Protein chains: 4
Amino acid sequence: MSKPTEVLKTAADPAGRESSPETPFVHPIRVRWGDCDPAAIAYTPNIPAWAVEAIEAWWEHHAGVDWYHTNIDRNLGMPFVHMTLDLRAPVTPRHMLQCEVVLARRGRSSVTHRVQGYQNEILCFEGSFTAVFTDAKEMTPRLPPADLLSALEKAESCSGANT
Amino acid sequence: MSKPTEVLKTAADPAGRESSPETPFVHPIRVRWGDCDPAAIAYTPNIPAWAVEAIEAWWEHHAGVDWYHTNIDRNLGMPFVHMTLDLRAPVTPRHMLQCEVVLARRGRSSVTHRVQGYQNEILCFEGSFTAVFTDAKEMTPRLPPADLLSALEKAESCSGANT
Amino acid sequence: MSKPTEVLKTAADPAGRESSPETPFVHPIRVRWGDCDPAAIAYTPNIPAWAVEAIEAWWEHHAGVDWYHTNIDRNLGMPFVHMTLDLRAPVTPRHMLQCEVVLARRGRSSVTHRVQGYQNEILCFEGSFTAVFTDAKEMTPRLPPADLLSALEKAESCSGANT
Amino acid sequence: MSKPTEVLKTAADPAGRESSPETPFVHPIRVRWGDCDPAAIAYTPNIPAWAVEAIEAWWEHHAGVDWYHTNIDRNLGMPFVHMTLDLRAPVTPRHMLQCEVVLARRGRSSVTHRVQGYQNEILCFEGSFTAVFTDAKEMTPRLPPADLLSALEKAESCSGANT
């Protein structure tokens, strides 16, 4: 019941990429017909939704947890408090959407990820997303638990090498 | 906190329609650009989503409750167990989508609604949706509470007059 | 076929509000059960989607056009190029979500709206959304047509009075 | 531009499954936090949406085409005209959702797929989905093109072996 990691491990790495500590984490998304509007490009609100999905996948990769597990099994929420997004090129179903996620900033009880979405090596969007750690039931701020803190520290040292 | 009815009353009747007991309940939906796919018609999976939304609006109209209230405040779930849907004409943003909802069948612990979606007086889809009453936390079947049972009985006598 | 305004007029003003030039435009949204995640609050990516919906409603109110009409009937696109969003309080189905939209900045071929979402008079989110005018088929920049330019100029003088 | 197959091949088989002609096609879906409602199970309208996604994946697997390609590059639409769905067990993020898709019936200008969704080897839903082949622009019925017809015939002989 409380082991989402094992069961879903294959899902966290669907395209068989190899994310080593030296390379940024990439979450591939299959853009579909129904994601597009009559302009035949992805409807804008899908973009922040995909970026948020990529950040959840980042957590799965780096800490072995998803939000269902943290919220329900561990009473740990990570609500977003800020996002900013630049949309640089249309997203379509012609290519996979490769979402590169890096840890941009770690605060005491907050975390900021930078997400860049590429299709066919063209940067389609980039954004910054800040979430805070909360007691899920009380919706009050808290510090991250030890295992997530450790994952953040490891990711921080890696992303430091990439910036 | 537990009075969604008053606060949201205007929302339940956005088009100023007058649903008397003699007329079927109609829930209007504004179809938007982002609801359409590159064929410039509503993407199919939006249709069952709208039908389900119309059924929730039916509950608001007939019993003064929404699913957030029943589930969270009253531990009453109404999960769907069956749906069938015929798609007869494309749905677009050109006209309001008028979703007519009638109580089709009332079982001891289940309820079936029929939903018909019209645009510009053309029938676009029609479907049947069966839900069961459950203890929300335990996810076990139960009978509907008295106020909902009463609302169902009233609606039943009305829809009987219409069929 | 090309007159979405008349047909949908009632939809543009579902709560019966009266938006005079002196008051900001408000687009009410009914938050539902299915919009919420297991934390029982609206799932974050719904927020930018609602803000974008509110901006489309602003266009309907101020210029009598929606994006389906501008794109398909008039080959005029308005893709977003930038958004920034602060999430200040959880959004739930307990109250209507009142989205206040004002024209924040008008460029030669771009437009920035500020959207503030309130529930029960509490500010839940606020954000800024910039779109550009394009030839919808070519996806190249263009100036807005005369009627939209005129609507923007009128809205600008009004929002000036509000800031 | 018109070769979605090569570019996206890895996406069509994210879990590394091996779908031989003798085994049904399975499309895995990662259910997420945001797919669930406050009852902590997938919100019902996601189910038909996932079934439809699985059918598009079936087409990718069996005929090397997706709907963006067929509609936009080949003017071939496949709108759904009928669906029926039984919901047997809640869907959650605890396990991958394995969507098994088989060709249930091939008409002259229509096709019916049966979709069964499993989590942890428990049948969560099963449904039947009928689509028709159309001229995408005219929205008039047509016969399927040769390559899709051939793919359907092959799939038919395989699924026959399974039923």
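These numbers come from a predicted model, not from an experiment.

## Points about the relation of the copies chain B and chain D
Here comes step 1: By a simple turn and slide, chain B fits onto chain D: the slide is 0.0 Å along the axis, the RMSD is 0.0 Å, and the turn is 180°. Those values place the two copies in the arrangement expected of a two-fold rotation axis. Considering only C-alpha atoms, the residue of chain B closest to the rotation axis is Thr84 of chain B, which sits at 2.0 Å.
Here comes step 2: The share of interface residues of chain B whose copies in chain D are also at the interface is 100%, consistent with both copies meeting through the same surface.

## Quick look at helix H3 (residues 67-74) of chain A
Residue and element names in this part refer to chain A.
Here comes step 1: If you check which residues of H3 are buried, you get Trp67, Tyr68, His69, Thr70 and Asn71.
Here comes step 2: The distance from a side-chain oxygen at the start of H3 to the backbone nitrogen of Tyr68 is 3.1 Å, and the residue carrying that oxygen is Asp66.
Here comes step 3: Asn75 lies just past H3 and shows a positive phi near 55°.

## Quick look at the interface of chain B and chain D
Here comes step 1: In this complex, chain B contributes 23 residues to the contact, which on the side of chain D involves 23 residues.
Here comes step 2: Across the chain B to chain D interface the summed buried area is about 1800 Å²; carbon plus sulfur atoms make up 68%.
Here comes step 3: The largest per-residue losses of area from chain B upon contact with chain D belong to Met83, Leu87 and Met139 of chain B, which jointly make up 25% of the total buried on that side.
Here comes step 4: At the boundary of chain B and chain D, one finds 0 salt bridges.
Here comes step 5: Here chain B is connected to chain D by 8 residue pairs in polar contact (both at pLDDT 80 or more).
Here comes step 6: When contributions to the side of chain B that touches chain D are tallied by element, the ones reaching two or more residues are helix H2 (46-63), helix H3 (67-74) and strand S3 (80-87) of chain B.
Here comes step 7: The dominant element in the side of chain B that touches chain D, judged by the number of residues it contributes, is S3 of chain B, at 8 residues.
Here comes step 8: Looking at the side of chain B that touches chain D residue by residue, the classes come out as 18 nonpolar, 4 polar and 1 charged.
Here comes step 9: Note that S3 of chain B and strand S3 (residues 80-87) of chain D share 5 bridges and pair antiparallel. Its bridge partner lying in S3 of chain D, Met83 of chain B is registered against Leu85 of chain D.

## Observations regarding the layout of surface pockets
Here comes step 1: The computed volume of the second largest pocket comes to approximately 660 Å³.
Here comes step 2: Around the second largest pocket, the lining is made up of 20 residues, and of these Pro38 and Ala40 of chain A, Pro38 and Ala40 of chain B together with Lys137 of chain D lie nearest the centre.
Here comes step 3: Counting residues per element, the ones that place at least two in the lining of the second largest pocket are helix H3 (67-74) of chain C together with helix H3 (67-74) of chain D.
Here comes step 4: Class assignment for the residues of the lining of the second largest pocket results in 14 nonpolar, 4 polar and 2 charged.

About the criteria used
- Residues numbered from 1 in each chain as written.
- Chains lettered and ligands numbered in written order.
- Predicted model: local features only at pLDDT ≥ 70, side-chain atom pairs only at ≥ 80, totals over all residues.
- Heavy atoms only, no water.
- Least-squares fit on C-alpha atoms with pLDDT ≥ 70 in both.
- Contact = heavy atoms within 4.5 Å.
- Buried < 20%, exposed > 50% of the residue type's maximum accessible area, 1.4 Å probe, protein only.
- Helix = DSSP H or I, 4+ residues; strand = E, 2+ residues; numbered from the N terminus.
- Polar contact = N/O pair within 3.5 Å; in protein donor to acceptor, adjacent residues only side chain to side chain.
- Buried area = accessible area lost by both parts, 1.4 Å probe.
- Salt bridge = Lys/Arg side-chain N within 4 Å of Asp/Glu carboxyl O.
- Nonpolar A, V, L, I, M, F, W, Y, C, P; charged D, E, K, R; others polar.
- Pairing = 2+ DSSP bridges.
- 1 Å grid on protein atoms, 1.4 Å probe; cavity = no way out; pocket = protein on both sides within 12 Å on 5 of 7 lines; lining within 4 Å.
- Points joined across faces, edges and corners; volume = space filled by probe spheres on them.

Treat this as a map of the structure, not an account of what it does.
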